[in-house]
Number of protein chains: 2
Amino acid sequence: MTANTPEKSRAQSLGQYLANVRTTKRMSLREVEEACAGVVSNAYLSQLEHDKISKPSPNILHALAEVYAVPYATLMAKAGYITETQKPKQKSGRHAQVPTFATDDLTTEEEEALLEYLAFLRSRKGGGK
Amino acid sequence: MTANTPEKSRAQSLGQYLANVRTTKRMSLREVEEACAGVVSNAYLSQLEHDKISKPSPNILHALAEVYAVPYATLMAKAGYITETQKPKQKSGRHAQVPTFATDDLTTEEEEALLEYLAFLRSRKGGGK
DNA sequence: ATCATCTGCTAAGTATATCAAGCAGTCAAG
DNA sequence: CTTGACTGCTTGATATACTTAGCAGATGAT
């Protein structure tokens, strides 16, 4: 009940998350398709990002997790395949080992902007939990 | 590895495993269907046990895991959805150091928010060089 | 202006997971 | 014997995951 407020958590849908990650990595739909070795087609990826697929195959999610370098469990969770037995706490955990931010991929400008935004976020929330 | 199979450590297919468990518990196909609250039909369970289904939905496997009281990860592994004891794979360089963004200090919410913001920044055409 | 090559996206088709219904066999009464 | 309630199993139909082919817009070079 500490972090059971869904209004604040704003958990992204699978599609939203996939789209954000791909945009961040600056990859096109067809680049991802190639990186997946044909496991995912660019057309299907587009449908995934628009939440047109309700139950994607774990194979697809696993391939995307590899290409995007995000934890497989995260995609599985967002797809609704709740793995409560082996899913990291998403409540008030202060540590997400998600290496989504490859800093060598960030420009100085972006890094500063993100830092500023993060500071803004945290100042809003106060001291966390 | 395979520390859960009490007697047989023979690598059996998903269907054989499911049939084995059900027989051990002395449940009929329709009993399992009822116990799953309609998530799995008896007809489908029969096909599953005969390995007629190549890629069953994780939802089905999860329901069966609950009814049979076997680990979900085991069924997922036998279904071919990777191996559950294989997750540490962020050792392969590429982006190991995250100086400014201590990602281990980011909550999931913050990470998503930053990703979204970064995606927004970069979607602003001409963000690169 | 016309190509050329990207981008994301969609429409139509194929493959397959999943279900409802029914079939054949077994066993225990009546 | 028949009837009924079980059993596992198959079949035909439907939903949907997924692909191939293509479209419209943007950008850039000739």
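In what follows, the accompanying structure is described. (Residues numbered from 1 in each chain as written. Chains lettered and ligands numbered in written order. Predicted model: local features only at pLDDT ≥ 70, side-chain atom pairs only at ≥ 80, totals over all residues. Heavy atoms only, no water.)

The next thing to look at is the protein's contact with DNA strand C. In the neighbourhood of DNA strand C, 23 residues make up the surrounding shell, with A:Arg22, A:Ser28, B:Tyr44, B:Ser54 and B:Ser57 lying closest. Among the atoms of DNA strand C close to the protein, meaning within 4 Å, 65% are from sugar or phosphate groups. A:Asn42 is positioned with one of its side-chain polar atoms (N or O) 2.9 Å from a base nitrogen of DNA strand C. Between B:Gln47 and DNA strand C, the recorded distance is 3.3 Å, taken from a side-chain N or O atom to a base nitrogen. Those elements that place two or more of their residues in the surface near DNA strand C are α3 (29–35) and α4 (42–49) of chain A together with α3 (42–49) of chain B. Here the residues of the surface near DNA strand C are counted per class, giving nine nonpolar, nine polar and five charged. (Near = heavy atom within 4 Å. Polar contact = N/O pair within 3.5 Å; in protein donor to acceptor, adjacent residues only side chain to side chain. Helix = DSSP H or I, 4+ residues; strand = E, 2+ residues; numbered from the N terminus. Nonpolar A, V, L, I, M, F, W, Y, C, P; charged D, E, K, R; others polar.)

The next point concerns the protein's contact with DNA strand D. Every one of the 24 residues lining DNA strand D counts as a neighbour, but A:Tyr44, A:Ser54, A:Ser57, B:Arg22 and B:Asn42 are closest to it. The protein-proximal atoms of DNA strand D, defined as those within 4 Å of the protein, are 62% sugar or phosphate. At 3.0 Å from a phosphate oxygen of DNA strand D is found a main-chain nitrogen or oxygen belonging to A:Ser57. One of the side-chain N or O atoms of B:Arg30 is found 3.1 Å from a base nitrogen in DNA strand D. Here the surface near DNA strand D takes four residues from α3(B), the largest share from any one element. Its residues assigned to classes, the surface near DNA strand D shows nine nonpolar, 10 polar and five charged.

All names here are of chain A. Backbone geometry at aspartate 51 places phi at a positive 55 degrees, although glycine is not the residue there. Tracing the chain through its elements places aspartate 51 in the loop between α4 and α5 (58–68). Among the residues examined, aspartate 51 registers a relative accessible area of 42% and is labelled partly exposed. Phi at alanine 69 is positive, roughly 60 degrees, even though this residue is not glycine. Inspection of the secondary structure puts alanine 69 in the loop between α5 and α6 (72–78). Alanine 69 gets classed as partly exposed once you look at its relative accessible area, which sits at 23%. (Buried < 20%, exposed > 50% of the residue type's maximum accessible area, 1.4 Å probe, protein only.)

The next thing to look at is helix α1 (residues 14–24) of chain B. Residue and element names in this part refer to chain B. Listing the buried residues of α1 in full gives Leu14, Gly15, Tyr17, Leu18, Val21 and Arg22. Within α1, the buried residues cover an arc of 165 degrees as seen down the axis, which keeps them to one side. Facing away from the buried surface of α1 by more than 90 degrees, the exposed residues are Thr23 and Thr24. The secondary structure elements touched by the buried residues of α1 are α2 (29–35), α3, α4 (58–68) and α5 (72–78). One or two residues past the end of α1 sits arginine 26, with phi positive at roughly 55 degrees. (Arc of directions from axis to C-beta. Contact = heavy atoms within 4.5 Å.)

With that settled, consider the pattern of salt bridges. All names here are of chain A. One pass over the full model with this rule turns up two salt bridges over all chains. Here arginine 22 ties to glutamate 49 by a salt bridge, and the two come within 2.7 Å at their closest N and O atoms. Of the two residues, arginine 22 is situated in helix α2 (residues 14–24) and glutamate 49 in helix α4; the sequence distance between them amounts to 27 residues. (Salt bridge = Lys/Arg side-chain N within 4 Å of Asp/Glu carboxyl O.)

Moving on: α5(A). Summarising burial for α5(A): eight of the 11 residues are buried, a large majority. All of the buried residues along α5(A) are A:Pro58, A:Ile60, A:Leu61, A:Ala63, A:Leu64, A:Ala65, A:Val67 and A:Tyr68. In this fold, the buried residues of α5(A) make contact with α2, α3, α4 and α6 of chain A together with α4 and α5 of chain B. A:Ala69 sits one or two positions beyond α5(A) and adopts a positive phi of about 60 degrees.

The subject of this paragraph is the packing of α1(B) against α4(B). Residues and elements named next belong to chain B. As a packed pair, α1 and α4 sit with axes 11 Å apart at the nearest point and diverge in direction by 30 degrees. In terms of orientation, α1 and α4 fall into the roughly parallel class. You can see that α1 and α4 cross each other, and the crossing is left-handed. Residues Leu14, Leu18, Val21 and Arg22 of α1 form the contact with α4, whose own contacting residues are Leu61, Leu64 and Tyr68. For the contact of α1 with α4, the residue count by class is six nonpolar, no polar and one charged. (Axes fitted to C-alpha atoms, helices over the stretch in contact; angles between N-to-C directions. Parallel < 35°, antiparallel > 145°, perpendicular 65-115°, else oblique. Left-handed = near helix turned anticlockwise from the far one by under 90°.)

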